[in-house]
Amino acid sequence: PGTVADDILNMGAVCKWGASNRKLESNPFAGLAPKPNRRGEASRAPFDDDEAKRILLAARNEEGWKRWLPWLLAFTGARISELVELRRRDVRERDDVMILDIVPIAVRAGKNSIAQRMLPLHPALVAEGFLNYVASLPDDPNGPLFPSIRPDKDGSRIHPAIVQSGRWVRNVVGIKDRTKVPNHSWRHRLEDELRKVRALPELQDAITGRNNPRNAGAGYGKGFRG
């Protein structure tokens, strides 16, 4: 509801100007924005330290995507839809730094244009051997990063990954708290970790791929996404 409200209010602002300047008969978005509860307890909560440790340690006993997806979620804060559709070539070097190059593709258009970004690989991922896993994949640069996730009938790995990883976190790791979403709670956790180190809001948005219309200054200069 919060995202929908922001989008409708943004479009409504343009149409309100159009109506005021006689370009439109009226503002078609007037009164349509829902009123989300922006206060109170969140329906989704971040994983705490113990839960994060349990998930990551359990992943070490797995193979393929189950081995690496939890670690990538933990140390990038990326959306699961962004990670499971990565290709082999999207793990590459840029300015002597290994990165995940998150770019839109047909089956993963991206939540918005801001979602396109380059995420440096955390040293913990390198130490765990993630690059060795990538090197073990077939040489095709356009091949999937997680070929062991069987695509659905539409050719997407997103829904199968969400369902299977959710079952793994609930049934294998044993995290039953319904406020902890098996994949998305990692994004909530990373936001808290960034706050702990007093990362600038623009830097937080750049890492997590968020569009923050309230941060007008983010549109000036090249910024952290450049």
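Please read all numbers here as calculations on a predicted model, not as lab measurements.

Draft legend 1. Focus on the overall build of the protein chain. Looking only at helices and strands, one finds 9 helices and 3 strands in the protein chain. Relative to its full complement of 226 residues, the protein chain shows a buried share of 39%. If you take every contact in the protein chain between residues at least 6 apart in sequence, the share linking residues at least 24 apart comes to 57%. Of the roughly 13600 Å² of accessible surface on the protein chain, 52% is carried by carbon and sulfur atoms.

Draft legend 2. Here's a closer look at the side chain of R79. You can see R79 is positioned in the loop between α3 (64-76) and α4 (80-84). The exposure class assigned to R79 is buried, which follows from its relative accessible area of 11%. One polar contact links the side chain of R79 to the main-chain carbonyl oxygen of G209, over a distance of 3.1 Å.

Draft legend 3. Molecular detail of the nonpolar core. Residues L100, F130 and L145 are the most contacted members of the largest nonpolar core, which totals 38 residues. Residue assignment for this core shows that the elements contributing at least two residues are α2 (49-59), α3, α4, β2 (97-102), α6 (130-136) and α7 (158-173). With 7 residues, α3 is the single largest residue contributor to this core. The contact partners of L145, leaving out residues within four places of it in the chain, are L86, R87, R88, V91, F130, Y133, V134 and L137.

Draft legend 4. Layout of the packing of aromatic side chains. Applying the stated criterion across every chain yields a total of 6 aromatic pairs. Note on W71 and F75: the rings are 5.8 Å apart at their centroids and 15° apart in plane angle, and the pair reads as stacked. One end of the pair is W71 and the other is F75, both in helix α3 and 4 residues apart, which spans about a single turn. Taking relative accessible area as the criterion, W71 reaches 7% and is therefore assigned buried. Feature note: the residues W68, F130, Y133 and F146 constitute an aromatic cluster, connected by ring pairs. In this structure, R67 packs its charged tip against the face of W68, placed 4.1 Å from the ring centre.

Parameters at a glance
- Residues numbered from 1 in each chain as written.
- Predicted model: local features only at pLDDT ≥ 70, side-chain atom pairs only at ≥ 80, totals over all residues.
- Heavy atoms only, no water.
- Helix = DSSP H or I, 4+ residues; strand = E, 2+ residues; numbered from the N terminus.
- Buried < 20%, exposed > 50% of the residue type's maximum accessible area, 1.4 Å probe, protein only.
- Contact = heavy atoms within 4.5 Å.
- Areas by Shrake-Rupley, 256 points an atom, 1.4 Å probe, with all protein chains shown as cover.
- Polar contact = N/O pair within 3.5 Å; in protein donor to acceptor, adjacent residues only side chain to side chain.
- Core = buried A, V, L, I, M, F, W, Y, C linked by side-chain atoms within 4.5 Å.
- Phe/Tyr/Trp six-rings, centres within 6.5 Å; stacked < 30°, edge-to-face > 60°.
- Lys NZ or Arg CZ within 6 Å of the ring centre and 35° of its normal.

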